[in-house]
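# Summary of structural features
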Amino acid sequence: MKSLFVSVLILFCCACANDPQKEMEKKIIGEWCNPYTYEATGELKGFNFKKGGICEAINIPTLDLKTWEIKDGYLFIKGFSIEENGEKEVYETKERIDLLTADSLCVVARESSPQLLFLYLNAKIIKEKVVVDTMMHE
């Protein structure tokens, strides 16, 4: 009986470990920034995905983000956009995750032609991989 329990426990653990959604949720935790903005301005702008589905904008004062969720390969972000007059509008995105590695996150914002993709790099490695264009700052 004990060996049956151990076998069932191992099968359950393997099933959980191979759950693509759970793997994506683990990988996305952290700060993700736009490499093109960083290259052009030296400023980190993007998203901070925290455990428990909490989301914050990084250096984007017009966004007051609250939550994130991955469902069926799509990234959902909810919160508020802050208008120039200070009013808050509901902000919700649904973007298909095209690529998610330890270093890169690529989402498809628009599937129709022309397809619109956004690339983000993990903030831990962006300074190693992207050189700030000093000519833009002169």
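The present account deals with the structure reproduced in this document. (Residues numbered from 1 in each chain as written. Predicted model: local features only at pLDDT ≥ 70, side-chain atom pairs only at ≥ 80, totals over all residues. Heavy atoms only, no water.)

## Quick word on the packing of aromatic side chains
A ring pair, where both rings are aromatic, is described by two values, the distance of the centres and the angle of the planes. By the definition in use, this model includes three aromatic pairs. Judged by centre distance (5.5 Å) and plane angle (75°), the ring pair of Phe-47 and Tyr-120 falls under edge-to-face. Here the residue Phe-47 occupies a position in strand 2 (residues 46–50), and Tyr-120 occupies one in strand 8 (residues 116–122), the gap between them amounting to 73 residues. Residue Phe-47 shares its accessibility class with Tyr-120, and that shared class is buried. Ring geometry for Phe-49 versus Trp-68: centroids 5.9 Å apart, planes at 75°, classification edge-to-face. Residue Phe-49 is found in strand 2, and its partner Trp-68 is found in strand 4 (residues 63–71); the two are separated by 19 residues along the sequence. Taken individually, Phe-49 and Trp-68 each receive the classification buried, so the pair is uniform in this respect. The rings of Phe-47, Phe-49, Trp-68 and Tyr-120 are connected pair by pair, giving a single aromatic cluster. Above the face of the Tyr-74 ring, Lys-94 is positioned so that its terminal group lies 4.6 Å from the ring centre. (Phe/Tyr/Trp six-rings, centres within 6.5 Å; stacked < 30°, edge-to-face > 60°. Helix = DSSP H or I, 4+ residues; strand = E, 2+ residues; numbered from the N terminus. Buried < 20%, exposed > 50% of the residue type's maximum accessible area, 1.4 Å probe, protein only. Lys NZ or Arg CZ within 6 Å of the ring centre and 35° of its normal.)

## What about the pattern of salt bridges?
Applying the stated criterion across every chain, the model contains seven salt bridges. Where Glu-43 meets Lys-45, a salt bridge forms, and the shortest distance between an N and an O atom there is 3.9 Å. Assessed through its relative accessible area of 33%, Glu-43 is described here as partly exposed. Accessibility expressed as a relative area gives 28% for Lys-45, which makes it partly exposed. For the salt bridge of Glu-56 with Lys-50, the shortest nitrogen-to-oxygen distance reads 3.2 Å. Sharing partners across several salt bridges, the network here consists of Asp-64, Lys-66 and Lys-88. (Salt bridge = Lys/Arg side-chain N within 4 Å of Asp/Glu carboxyl O.)

## Structural notes on helix 2 (residues 20–28)
Capping the start of helix 2 is the job of one residue whose side-chain oxygen sits 3.1 Å from the backbone nitrogen of Gln-21: Asp-19. Positive phi shows up at Gly-30, right after helix 2, with a value of about 135°. (Polar contact = N/O pair within 3.5 Å; in protein donor to acceptor, adjacent residues only side chain to side chain.)

## With respect to the environment of Ile-97
Relative to the helices and strands, Ile-97 resides in strand 6 (residues 88–100). Look at Ile-97 and you get buried, because its relative accessible area is 9%. The spatial distance from the C-alpha of Ile-97 to the C-alpha of Asp-72 is 9.5 Å, given a sequence separation of 25 residues.

## Let's talk about unusual backbone geometry
Across the junction of Ser-113 and Pro-114, the peptide omega takes the value -5°, indicating a cis bond. Checked against the element boundaries, Pro-114 lands in the loop between strand 7 (104–110) and strand 8. Its identity as a non-glycine residue notwithstanding, Asn-59 has a phi of 55°, on the positive side. Here Asn-59 is to be found in the loop between strand 3 (54–58) and strand 4. Its relative accessible area of 40% is what places Asn-59 among the partly exposed residues. Even without a glycine there, the phi angle at Asp-72 is positive, about 55°. Examined against the element boundaries, Asp-72 turns out to sit in the loop between strand 4 and strand 5 (74–82). Looking at Asp-72, the relative accessible area reads 63%, which means it is exposed.

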